[in-house]
Amino acid sequence: MYTRIIEMAWEDRTPFEAITLQFGLRESEVIRLMRRCLKRGSFNLWRSRVAGRATKHLKLRSPEVARGYCPTQYKHR
């Protein structure tokens, strides 16, 4: 379960609200989980990526972003 939450948290287009809806964890709880499960450098990199990122919050997200992932993210060969 934690693996999928971490994947969703790393994805730029997956909002924290989607994690809350699917797993019941608020943003602060996701941050706590990431801090506990990632190496310090990885956690710091992730925090700097998501800090202020509009796509991680539905209220800040542009209405043009209609999907939770990049179209090339799940490319199959």
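Refer to the preceding data block for the structure.
Predicted model only: the values in this text are computed from it and were never measured.

Q: Give a description of the pattern of salt bridges that names residues and reports values.
A: A full pass over the atoms with the stated rule returns 4 salt bridges. Salt-bridge contacts for Arg-49 lead to Asp-12; the nearest nitrogen and oxygen are separated by 2.3 Å. A residue pair is termed long-range when its members are at least 10 positions apart, and Arg-49 in helix H4 (residues 40–50) and Asp-12 in the loop between helix H1 (2–10) and helix H2 (16–23) qualify at 37 residues. Residue Arg-26 pairs with Glu-29 through a salt bridge whose shortest N-O separation is 3.9 Å. By relative accessible area, which is 23% here, Glu-29 ends up partly exposed. Several salt bridges share partner residues, and in doing so they unite Arg-4, Glu-7 and Glu-11 into one network.

Q: Just give me the short version of a positive patch on the surface, but keep the residues and values in it.
A: On the surface, a cluster of positive charge is made up of Arg-32, Arg-35, Arg-36 and Arg-40. The biggest single contributor to the positive patch is helix H3 (residues 27–37), with 3 residues. Here Arg-40 shows up in helix H4. What makes Arg-40 exposed here is its relative accessible area of 69%.

Q: Got a sec to walk through the environment of Ser-28? Specific residues and values, please.
A: Considering the arrangement of structural elements, one finds Ser-28 in helix H3. Residues Ser-28 and Phe-16, 12 residues apart in the sequence, show an inter-C-alpha distance of 9.6 Å.

Q: Account for the packing of H1 against H3, with residues named and values stated.
A: At a closest axis distance of 11 Å, the pairing of H1 and H3 adopts a crossing angle of 110°. For the element pair H1 / H3, the angle class is roughly perpendicular. Every residue of H3 that contacts H1 at Tyr-2, Ile-5, Ile-6, Ala-9 and Trp-10 is listed here: Val-30, Leu-33, Met-34, Arg-36 and Cys-37. Each residue belonging to the contact of H1 with H3 can be placed in one class, and the counts come to 9 nonpolar, no polar and 1 charged.

Q: Before we move on, could you go through the side chain of Glu-11 and cite the residues and values that matter?
A: The topology assignment puts Glu-11 in the loop between H1 and H2. For Glu-11, a relative accessible area of 10% translates into the label buried. In this structure the side chain of Glu-11 is engaged in a polar contact, spanning 3.4 Å, whose partner is the side chain of Arg-4.

Q: Kindly report on the nonpolar core, identifying the contributing residues and their values.
A: Counting 15 residues, the largest nonpolar core has Ala-9, Ile-19, Leu-25, Val-30, Met-34, Phe-43 and Trp-46 as its most contacted members. Put simply, the parts of the chain that give this core at least two residues each are H1, H2, H3 and H4. If near-sequence neighbours (up to four positions away) are discounted, Ile-19 is found in contact with Ile-5, Met-8, Ala-9, Gly-24, Leu-25 and Val-30.

Here is what the cut-offs are and how they apply
Throughout this document, residue positions are counted from 1 along each chain, in the order its sequence is written. With the structure being a predicted model, the display of local features is reserved for residues of pLDDT at least 70 and the display and counting of side-chain atom pairs for 80 or more, all residues being used for whole-chain, interface and lining totals. With hydrogens and water stripped out, all remaining heavy atoms of the structure feed into the side-chain values. Salt bridges, as used here, are contacts in which a Lys or Arg side-chain nitrogen is within 4 Å of a carboxyl oxygen on Asp or Glu. Secondary structure elements are defined from DSSP: runs of H or I of at least 4 residues count as helices, runs of E of at least 2 residues count as strands, and each element is numbered from the N terminus. Any residue under 20% of the maximum accessible area for its type is buried, any over 50% is exposed, and the rest in between are partly exposed; the area is computed with a 1.4 Å probe on protein chains only. A patch consists of residues exposed above 30% relative accessible area that lack any salt bridge, with like charges linked at up to 9 Å and nonpolar side chains (Val, Leu, Ile, Met, Phe, Trp, Tyr) linked at up to 5 Å. In these tables, accessible area is a Shrake-Rupley quantity obtained with a 1.4 Å probe, and a residue counts as shielded only by the protein chains included in the view. Working convention for charge: Lys and Arg count positive, Asp and Glu count negative, and His plus the chain ends are omitted. For this purpose, a charge sits on NZ of Lys, CZ of Arg, CG of Asp or CD of Glu. Here, axes are lines fitted to C-alpha atoms. For helices the fit covers the stretch in contact, and angles between N-to-C directions go from 0 to 180 degrees. Any angle between 65 and 115 degrees counts as roughly perpendicular, while under 35 counts as roughly parallel, over 145 as roughly antiparallel, and the rest as oblique. The contact rule is simple, with two residues in contact once any of their heavy atoms fall within 4.5 Å. Side-chain classes follow a simple rule in which Ala, Val, Leu, Ile, Met, Phe, Trp, Tyr, Cys and Pro form the nonpolar group, Asp, Glu, Lys and Arg form the charged group, and the remainder, Gly included, forms the polar group. Identification of polar contacts relies on pairs of N or O atoms within 3.5 Å, with a donor-acceptor requirement for protein atoms, meaning one able to donate a hydrogen and the other able to accept it, and with residues adjacent in sequence counted only if both atoms are side-chain atoms. Each nonpolar core is a collection of buried residues, namely Ala, Val, Leu, Ile, Met, Phe, Trp, Tyr and Cys, held together in the definition by side-chain atoms within 4.5 Å.

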